[in-house]
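# Summary of structural features
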Amino acid sequence: MSGMRSRKAAAAANGNHDAILDPSLTESQKNAALKNGTYAGSSDDVRGFEQAKRRRPAVVLPESTHGVTLANDGAIVALLFLGAAIVRFWKIAHPAQVVFDEVHFGKFASYYLRREYYFDVHPPFAKILNAFAGYLAGFKGNFDFENIGDSYEKAGVPHIKMRSLPAIMGSVQSPLVYLIMRETGHAKLIGLLSASLLLLDNAHIAQDRLILLDAALCLFMTLSLYSYVKFYKQRYNEFSPKWWTWMIATGVNLSLTMSCKMVGLLTFLTVGCAVAVDLWNLLDVKRGLTVRHVMKHFFARALGLIVIPAFVYLFWFWVHFKILIRSGTGDAFMSSEFQQTLQGNPMLAQARDIHYGDTIAIKHKHTNAFLHSHIDRYPLKYEDGRISSQGQQVTGYPFNDTNNLWQVHATVPLPEEGGSGRAVRNNHVVRLLHVNTQSYLLTHDVASPLMSTNEEFTTVPWNDTSRYNDTLFELRVDGLSKTSTSPWKSKSAWFRLIHVPTKVAMWTHNETPLPEWAFKQQEVNGHKDVNDKTTLWFVDELNPDPTASDFEERSKPLPPRKVTKMSFWRKFVELQMQMLQQNAGLTQSHPYASSPINWPFLLQGISFWTENTEQQQIYLMGNLVSWWVSVLFVSVFVGVMGADTLAQRRGIEPIARNVRKRLGSTVGFFVSAWAFHYLPFFSMNRQLFLHHYLPAHICACLAAGGVLQFIVVEEVAGPLSAPGPLLASNTSTPSHPQDETPRSPSGVRLSLPTTRSDVHLPRGAIFAIAVLMMLTAAMFWFLSPFTYGTPGLTNQQWLKMRLLSSWSLHFLPSMQELAQGKS
Amino acid sequence: MVGKSRGPINGRPSSPKAISRTYVSQLPTSIRSQLPILLPLTLVALAFRLYKIGQPSSVVFDEVHFGGFATKYINRKFFMDVHPPLAKLLIAGTAKMAGFDGSFDFKDIGKEYIVGNDRPVPYVAMRMLPAMLGVALVPLSYLTLRALSLRGTTAIVGSLFILFDNALATQSRLILLDSFLVFFTAATAYCWVEFCNEERKRAFGPQWWAWLLSTGGFLGCVVSTKWVGLFTIATIGVSTIAQLWSHLGDVRMPMSTLWRHFLARVLGLIVVPFIVYLLSFAVHLGVLNHSGDGDGFMSSAFQHTLVGHGMPDTYADVALGSTVTIRHLNTQGGLLHSHSHNYPAGSGQQQITLYPHSDENNEWYILAAPGPDDPPTPTDENGVPLTTGGPHESEKYKRKKVLYLTHGMEVRLVHRMTDKRLHSHESNRPPVTESDFQNEVTGYGFPGFAGDANDNWRVEIERGSPDDAPSSMRVRSLRTVFRLRHTLTGCYLFSHKIPLPEWGFGQQEVTCNKSPTRPNSLWFVESSRHPRISVAGDKSLGVDEDGEEDPVAVRPAKTINYLRPSFLSKFWELQKVMWETNAGLTERHVYDSRPKTWPVLRRGINFWSKDHRQIYLVGNPLVWWGATVAVLVYVGARAILMLREKRGASDFLDSTIVFYDRTASFLFLAYSLHFFPFALMSRQLFIHHYLPSLYFAVLLLALLFDLVTAGLRPRFRLAAASAAVGLVVLVYLEFSPLTYAGPWTVKRCERARWLKTWDFNCRDFPSSLAEYKTFPPAVHTLGQTSPVEAYDAAKAGVGGVTEAAAEAALGMPQPGQHAFEDVPKQAQHSGAGGAAAAGGHKAEPVAAAPPADAAAAAPPAPVAKPGDEENVFSIQPVIMPGDGKVEHHDGGGAAMDQEKVEAMVLEGTAGVAGGHHHQQQQQAAGDPAKPSAPAPAKPANEVPPA
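Residues take numbers from 1 onward in each chain, read along the sequence in its written order. Numbering of ligands from 1 and lettering of chains from A proceed in the order in which they are written. Selection of residues for local features in this predicted model requires a pLDDT of at least 70, selection of side-chain atom pairs for listing and counting requires 80 or more, and totals for whole chains, interfaces and linings are taken over all residues. In computing side-chain values, all of the structure's heavy atoms are included and hydrogens and water are not.

As named in an unreviewed UniProt entry, chain B is Dolichyl-phosphate-mannose--protein mannosyltransferase, taken from Jaminaea rosea. For chain B, the Function (unreviewed entry) comment in UniProt is given as "Transfers mannose from Dol-P-mannose to Ser or Thr residues on proteins." UniProt positions are given in the numbering used here, feature names are shortened, and annotations may be inferred rather than shown by experiment. Taken directly from UniProt, the Subcellular location (unreviewed entry) text for chain B runs: "Endoplasmic reticulum membrane".

As recorded in an unreviewed UniProt entry, chain A goes by the name Dolichyl-phosphate-mannose--protein mannosyltransferase, listed as coming from Jaminaea rosea. According to UniProt, the comment filed for chain A under the heading Pathway (unreviewed entry) is "Protein modification; protein glycosylation." Entered under Function (unreviewed entry) in the UniProt record, the comment concerning chain A runs "Transfers mannose from Dol-P-mannose to Ser or Thr residues on proteins."

### Some thoughts on the overall build of chain A
Numbering goes from the N terminus for both helices and strands, where a helix is a DSSP run of H or I of at least four residues and a strand is a run of E of at least two. Looking only at helices and strands, chain A features 27 helices and 14 strands. Every one of the 823 residues in chain A was classed for burial, and the buried ones make up 56%. Within chain A, residue pairs in contact and separated by at least 24 positions form 76% of the contacts whose partners lie at least 6 positions apart. Accessible areas in this description were obtained via Shrake-Rupley with a 1.4 Å probe; residue shielding takes into account the shown protein chains only. Element-wise, carbon and sulfur atoms account for 62% of the exposed surface of chain A, whose accessible area totals about 34,600 Å². For every residue, the accessible area (1.4 Å probe, protein chains only) is compared with the maximum for its type, and the residue is labelled buried under 20%, exposed over 50%, or partly exposed between those bounds. Here, residues are in contact when the closest pair of their heavy atoms is within 4.5 Å.

### Notes on the UniProt feature "domain: MIR" (unreviewed entry) in chain B
All names here are of chain B. In the numbering adopted here, UniProt assigns the feature "domain: MIR" (unreviewed entry) to residues 315-369, 402-462 and 470-528. Annotated as 0% helix and 47% strand, the span residues 315-369 places its first and last C-alpha atoms 23 Å apart. As a span, residues 470-528 carries 0% helix and 44% strand, and end to end its C-alpha atoms are 16 Å apart.

### Describing the pairing of strand S8 (residues 473-477) of chain A
The side chains of a regular strand alternate, first on one face of the sheet and then on the other. All names here are of chain A. Counting buried residues along S8, four of its five residues qualify, which places the element largely inside the surrounding structure. By definition, two strands form a pair when at least two bridges between them are found by DSSP. As defined by bridge partners, strand S5 (residues 429-434) adjoins S8 across two bridges and the pair is classed as antiparallel. From the neighbouring strand, Val-430 faces S8, where its bridge partner is Phe-473. Sheet analysis places S8 next to strand S9 (residues 494-499), joined by five bridges and oriented antiparallel. Residue pairing across strands places Glu-474 opposite Ile-498, the latter belonging to S9.

### Observations concerning helix H3 (residues 63-75) of chain B
Residue and element names in this part refer to chain B. With 13 residues, H3 should cover 18 Å at 1.5 Å per step; its first-to-last C-alpha distance of 17 Å lies within 8% of that length. Of the residues making up H3, those classed as buried are Glu-63, Val-64, His-65, Phe-66, Gly-67, Gly-68, Phe-69, Ala-70, Thr-71, Tyr-73 and Ile-74. On its buried face, H3 is in contact with helix H4 (86-97), helix H5 (123-147) and helix H11 (255-287). Between the first and last residue of a helix there are one fewer steps than residues, each counted as 1.5 Å, and that sum is the expected span.

### A few points about helix H10 (residues 188-199) of chain A
Residues and elements named next belong to chain A. An ideal rise of 1.5 Å per residue puts 16 Å on 12 residues; H10 measures up with 16 Å between its terminal C-alpha atoms. Counting buried positions over the 12 residues of H10 gives nine, a clear majority of the element. Of the residues making up H10, those classed as buried are Ile-190, Gly-191, Leu-193, Ser-194, Ala-195, Ser-196, Leu-197, Leu-198 and Leu-199.

### Side note on the environment of Asn454(A)
Take Asn454(A): it is sitting in the loop between strand S6 (439-447) and strand S7 (455-461). Counted as a polar contact is a pair of N or O atoms within 3.5 Å, where, for protein atoms, one must be capable of donating a hydrogen and the other of accepting one, and residues adjacent in sequence contribute only when both atoms are in side chains. A distance of 3.0 Å separates a polar atom in the side chain of Asn454(A) from a polar atom in the side chain of Asn525(A).

### Focus on the confidence of the model for chain B
Residue and element names in this part refer to chain B. What pLDDT conveys is the predictor's confidence in a given residue, as a value from 0 to 100. This prediction gives chain B a mean pLDDT of 78; 77% of its residues lie at or above 70. Confidence drops under a pLDDT of 50 for residues 880-946, and excluding neighbours within four residues, the segment shows 149 contacts in the predicted structure. We note a pTM of 0.75 for the whole complex and an ipTM of 0.73 for its interfaces.

### Observations regarding the UniProt feature "transmembrane region" (unreviewed entry) in chain A
All names here are of chain A. The UniProt entry lists residues 210-229, 244-277, 298-319, 625-643, 663-681, 693-713 and 765-783 under the feature "transmembrane region" (unreviewed entry), expressed in the numbering used here. The distance from the first to the last C-alpha atom of residues 244-277 is 19 Å, and the span holds 91% helix and 0% strand. Spanning residues 625-643, this segment combines 100% helix with 0% strand, and its end C-alpha atoms are found 27 Å apart.

### Concerning the pattern of salt bridges
All names here are of chain B. Any carboxyl oxygen of Asp or Glu within 4 Å of a side-chain nitrogen of Lys or Arg constitutes a salt bridge here. Under the definition given, this model contains 47 salt bridges over all chains. Of the charged contacts, one joins Glu-199 and Arg-265 as a salt bridge, the two residues approaching to 2.9 Å between their closest N and O atoms. In this pair, Glu-199 is assigned in helix H8 (residues 178-201) and Arg-265 in helix H11, connecting sequence segments 66 residues apart. Judged by relative accessible area, which is 10%, Glu-199 ranks as buried. Arg-265 sits in the buried class, given a relative accessible area of 3%. Bridged by salt links that share partners, the residues Asp-317, Asp-468, Arg-474, Arg-476 and Lys-558 form one connected network.

### Side note on the domain arrangement of chain A
Looking at the assigned domains, one finds that chain A contains domain 1 (69-320 + 621-716) and domain 2 (352-557). Here the limits of each domain have been adopted from an automatic or database domain assignment. Centre-to-centre, using C-alpha coordinates, domain 1 of chain A lies 54 Å away from domain 2 of chain A.

### A word on the side chain of Glu456(A)
Mapped onto the elements, Glu456(A) comes out in strand S7. For the charge count, each Lys or Arg is scored as positive and each Asp or Glu as negative, with His and the chain ends excluded. This buried residue, Glu456(A), is left without a salt bridge; Arg467(A) holds the nearest opposite charge, at 7.8 Å.

### Considering the confidence of the model for chain A
Interpretation of this model should avoid reading the predicted coordinates in detail wherever pLDDT is low. All names here are of chain A. Looking at chain A, pLDDT values average 83 and 86% of them are 70 or higher. Per-element confidence in chain A ranges from a low mean pLDDT of 37 for helix H2 (residues 17-20) to a high of 96 for helix H22 (residues 667-678). Here residues 1-65 scores under 50 on pLDDT; set against residues more than four positions off or in separate chains, the count is 77 contacts. Predicted confidence for residues 729-754 stays below pLDDT 50, and this span has 73 contacts to residues more than four positions away or in other chains.

### Notes on the UniProt feature "domain: MIR" (unreviewed entry) in chain A
Under the UniProt annotation, the feature "domain: MIR" (unreviewed entry) is placed at residues 351-411 and 421-478 of chain A. With 0% helix and 47% strand, residues 421-478 of chain A has end C-alpha atoms that lie 22 Å from one another.

### Concerning the packing of helix H9 (residues 159-183) of chain A against helix H12 (residues 214-232) of chain A
Residue and element names in this part refer to chain A. Axis lines are fitted through C-alpha atoms, for helices just across the contact stretch, and the angle between N-to-C directions can take any value from 0 to 180 degrees. In contact at an axis separation of 9 Å, H9 and H12 are set at 25° when each is read in the N-to-C sense. Looking at the two axes, H9 sits roughly parallel to H12. The handedness of the crossing between H9 and H12 is left-handed. Each of Pro-166, Met-169, Gly-170, Val-172, Gln-173, Leu-176, Val-177, Leu-179, Ile-180 and Glu-183 in H9 lies in contact with H12, whose residues at this interface are Ala-215, Ala-216, Cys-218, Leu-219, Thr-222, Leu-223, Leu-225, Tyr-226, Val-229 and Lys-230. Only Asp, Glu, Lys and Arg are considered charged in this grouping, and only Ala, Val, Leu, Ile, Met, Phe, Trp, Tyr, Cys and Pro are considered nonpolar; every other residue, Gly among them, is considered polar. Among the residues making up the contact of H9 with H12, the classes are represented as 15 nonpolar, three polar and two charged. Note that the term roughly parallel is reserved for angles under 35 degrees, roughly antiparallel for angles over 145, roughly perpendicular for angles of 65 to 115, and oblique for everything else. Should the near helix be turned anticlockwise from the far one by less than a right angle, the crossing is termed left-handed; should it be turned clockwise, right-handed.

### Considerations on the state of the cysteines
All names here are of chain B. The disulfide criterion used throughout: a pair of cysteine sulfur atoms within 2.5 Å. Taken as a whole, this structure holds two disulfides over all chains when the rule is applied. One disulfide in the model links Cys-491 with Cys-512; its S-S distance is 2.0 Å. Disulfide Cys-491-Cys-512: the torsion about the S-S bond is 95°, which places it as right-handed. Of this pair, Cys-491 sits in the loop between strand S10 (481-486) and strand S11 (492-499) while Cys-512 sits in strand S12 (residues 508-513), and the two are 21 residues apart along the sequence. The same class applies to Cys-491 as to Cys-512, namely buried.

### Details of the environment of Arg483(B)
All names here are of chain B. Locating Arg-483 in the fold gives a position in strand S10. Between the alpha carbons of Arg-483 and Gly-333 there is a distance of 16 Å; along the sequence they are 150 residues apart. For Arg-483, the residues in contact, after removing those within four places along its chain, are Arg-458, Val-459, Glu-460, Glu-462, Tyr-492, Pro-516, Arg-518, Ser-521 and Leu-522. A distance of 3.1 Å separates a polar atom in the side chain of Arg-483 from a polar atom in the side chain of Ser-521.

### Remarks on the side chain of Ser528(B)
Residue and element names in this part refer to chain B. Relative to the helices and strands, Ser-528 is located in strand S13 (residues 523-529). Looking at Ser-528, the relative accessible area reads 4%, which means it is buried. Within polar-contact distance, the side chain of Ser-528 engages the backbone oxygen of Asp-317 at 3.0 Å. Apart from the residues within four sequence positions on either side, Ser-528 is in contact with Thr-314, Tyr-315, Asp-317, Val-318, Ser-322, Thr-323, Val-324 and Ser-477.

As structure tokens, this is what we get:
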């Protein structure tokens, strides 16, 4: 047994306190032990007891005083909304021109109104909202938002009404921030401070008063946080109607956030983590819940926070597909099958069945080159000393030419008569005869001219039977199952040509052209990765077999055809995949792209719009006071919590337990939201812009208020969560995170929760808050020419506006003027 | 079993035959006491790892690079590589000691080490070093497992799993870095485990210090071998933090002791590794002191420190009327350049580019822009400027007072050779980067044309050099960094790493950017001369044309050169370049793979294939899959334990569970930190990146074995161990022909293809082993018949048996049996010059003029993109700077070997003497060498056959 003992000792030496304390001693046993006087109690218990003695006496809790009341906060909320609306609507008509990304999102609104299919990397919800605003305003979608600076007035675009929707959504955010602060037990003034850090933020204002997506994104993100806080406060009333309502509201808001932009996923992560931690705590045996009960919690959350949101997310795509029924600019991003569901798509109009004996021209989907061959042969020896088969060249050639024509030959006997019996179908093995040189397409185990890893393509005379096997190619139409025998169609069907003996796919690329001996045409070779995305081809031109009996009939122009159907689910999956791929592909540089490290410090802005005659510029730039203060408070929080953790480890408790708990569950939540909305950007490779920080800034504003309150007041407001059955039945459980009521070592409540109490700010704090708010307002005023694009300033004035030298303003005095100014 | 059956599990002491087991609290495993097991273990390892190590006698896979680096070290030529130098230095050192003279270039996979050379390359000695480390890994894993307090049987099983893994064996038998990496990682882990044991016993004792410092030393070695060593640092770092955290919680320990613990670890685990890392670079930079093919990556100041890359001193002063060359600071694109070729699109005016080599076309006059006081340019009635006669503008500075170039001065830059002015305008976008905020930069003007306002540029001094006081006040050669702002449009002269297409000879694009990134808009004057400035000072020029005294012309002028960078600044620059290059390795490779496929061993790498033998990197599937299972078991068990804990079970009071949990957690931590970060990397990744994690996973597998067999009697445990090891050995032997490049048959090869995705080429093997008698031997020795002849003979002999031979009989050309085995692509670009290249480094110095002749010898090849240089086979990219190879700056008389000249011609950037321009030269040079190509003009015009 020495082994066991020594391991136990090792565990102890390792500082594993939990292992030493015997958890088998449950609370009730402790309780009993205490009564007998045999339980010494842990240091924690004693401290709690002593703290309790210092605190005020027990008062019975009246049930009705929880949360925010209309009488108490209604006026402030209304004022905040009004104030936010004023600064967002002020001169909203200016400029009556296309500004920055209105180029895209205005255009998308037009497409919705014209019902033309387009493609974009963002989910559709916010764009549908913009289009809806346009619809209400009577906009017909007859303007294309081509360039920044195009005039709205000439085209009659109701831009004021269209901009109003984002402006309203922006105005709601400040009151919401105030409410979140109040719901989490912060003083009114503190709530007001957080709200005004957002209300007067130039970046949010600039973004909110244009036809963009971020106002909607930020609104639903804030709503998600708000409803989650409301939900959490119902935790003693589990499975009550209110509990369900707020949970589902959280799920729906989260889903709407994600339906605006993919970064809504970060909000999901924020709330998801909080929920996971919450569930983990519920699982704790000391909580006294059965596993069955915890599972019930788990499934309820899975329903409300995963299943319902998924349906909401899908719903907007469903709407998206329902609206966009005509062919448009987005066709080219989608599969042929998808394109055929759109009215007026060329694929739909010209697709025909291909029969054996038909002559076709085959085009490579990726590079738009025709499969081509000509009498010239591969040189015997390449420059690197490798040798070729010296066969006839097969290349990719972008222009129309008779050498692009191939005839489809069957490898099995065909019925004599024409008709569908002669149709080429998916999975058929075919041979392709080059019409001009009467030779069959072939590939074999010889390295291609440019790529030693790929197989060479060549042809062999039609009467050379010795190479028969190498001329066999299997036809695989993209999107069809292996067993499908659907006919092969021109235009609409993308296919792969797989060489039967060696299993390579016909492929071409335009990275390096072939040398002079092949007239710098594209190399065609056999690609080993058969399922590569770039191995797709389609039949661009189809000449029916003139010898077949149904030649006449097949040569007639096609009657207009009805759109085909495709299930919503498949459409959705295809679009979603395409969005993710395109999003990851946005890596080219942009002059105003910036790396995330610059954002909180506002080192760079984005020039949205400039106007030369009056020297006006809209420059996306946050309110320096608001941004710097908020990020400063976030770092204060991280520092305080870090120091506190270290100190606790040494047995010192610099922060009172109830204060620390409250700080963790409120400000900790805000700061983690900030981190979730900010840090992941560091690992993204795509183009990043300052406005990606806007959701994180809202979280930072919330955190700033919380930290400030922590600094100036050592008290916490009375219990926040609504009392409920769970609270009553479990008074002996010690681990409700926000239950600050101190208890005796036995865990018995020493005092019932006190009445609702507000924290009272000392006078110094009120003064500090007032100064901060005034500074914010002053900075807002100073930077307002950036935000509203008016008034125009002279070069010298613009120079004064440039507070940081890294801001790239458009109108600045030249060096000469500067030198003169100095002298 | 958990929790209840503690007695039997821990009842080992009660069973007298059990291998004695040391517990955490008892003595640490001392190496001496393990010798009876270690010795035989090492002998077995030696036998299996060194068996036929000389086979094959040709270059395998990345030996191309790491052998090649040894050559470069021995020739002391500077090169750039993405890995730190330690392992490469060790290889080079071994080669040097074995008598290698650096005359073999390791150019292609499959190149024989013997042929055509009297003195064979000591490749066996070079392979021996990684192989010995591979051997040492086996006893090391044994010791580590013992140090983790696992049973002797377990330790033996674990170490044999390591020995009989085909992937570890393959990697360690070749001149590659991974054997070094895995060994150093394992050594770090071992020292750390021993340190932790010592920590519980006697902190701050001599042994404690020894283990701590050796952990640090090996950490330094890991990270000096490859940067993935940072994962090892992370592992040890997290472990250290956990250890300190637990000390912190020990309230009895005084803060002063805590600080001592902390500082000791800072010393041992941060300072020591850093010193090792720094030392490896000190040796690296000390050895590589000659100019080589890595020059182009480094800054000019760095290059200047390399022998054979010096630059003559230049005048420090820059004034109006100076003839200057202007270098771009941030990219290695070179000097502001123009030549008499026009842009094919846009304005169609003359090209402005960056060009890396010294050339007269890089020279510009700096002239004053006409101010408001100057007479306006004469124009005709339509406003078209009239041509003016008279001497060239630059002439007048011969008599004018010298005016230094200062901040804010408005100037024009006139290209000396073509007399065009550096010009920019709003109306056209640059040729390649067609963004709105970029304007085209051209050379514009014609003889006698006085220029227009779009030729004016304002000098904005960014910073001077602290050691040269005047350089912050006015432009000084090599010291002042400045920007050039286009006066009318406000954009800045800008360049970035975007090469122009063929018509621009692949030179770097120059644009005028309205919102440039600061570093890419910075320039400095590299050389400068002025008619009135001379070393001696010219008394005859003491008075200018207006009769005023000119103190500048009279005074002797100072000459200047690049500041010699300190070791630390060179070190730092190298780190940055390595980082950028590493991050840039994003192209796909035929054999690359994503991390998620590694634990299931989805696919291997074709290392080498020749004469019907192959080396294919594939792991021992039993070991790999077993290791993966062990990891999954740990994750599952840990999750269950945590849930049970939360629900009130007291598993963590069971010392057995605590022991296994702690040990496994450490191994799992090491595994995940060596594995999961790869998932975040977007660069090319290969299955051998998994080997360090595999090592830890195998240890975890051993731990699982220990746990599973815990309840068995020793005799049965031994039987289980033998069975497991026996199976592993059988599988190892099954795949051994791919590890040792041994003979194999098609049938057995197909049988060994357990997964369809393992793409070794079975069709290459003969149908019976007897056929190997007719093939060339695996190891070529001096005095043998040329392998090519032997091979031909062999083919004739087997005629009709193999498919390849059948094709040959049909008169078909030899198609290179399998596409993958063909000549690597790299060869395409360096082919025909082979003869010249052989004597490469020893070539007679060629004067600057001969490039044209050299070019004539070069084949007309497509202009190579930088990426094309990459070898399809080998992974380690051949790193070529985008601007091509580098020649000497002092145009005449310096050595320039033929190989470089070819490369330059291929890149379209050949240095041109006397101001010829490139294309003429290339065409003139290329024509005679062109094979008589078929004449048909355009395929579109082809007449279809009747």
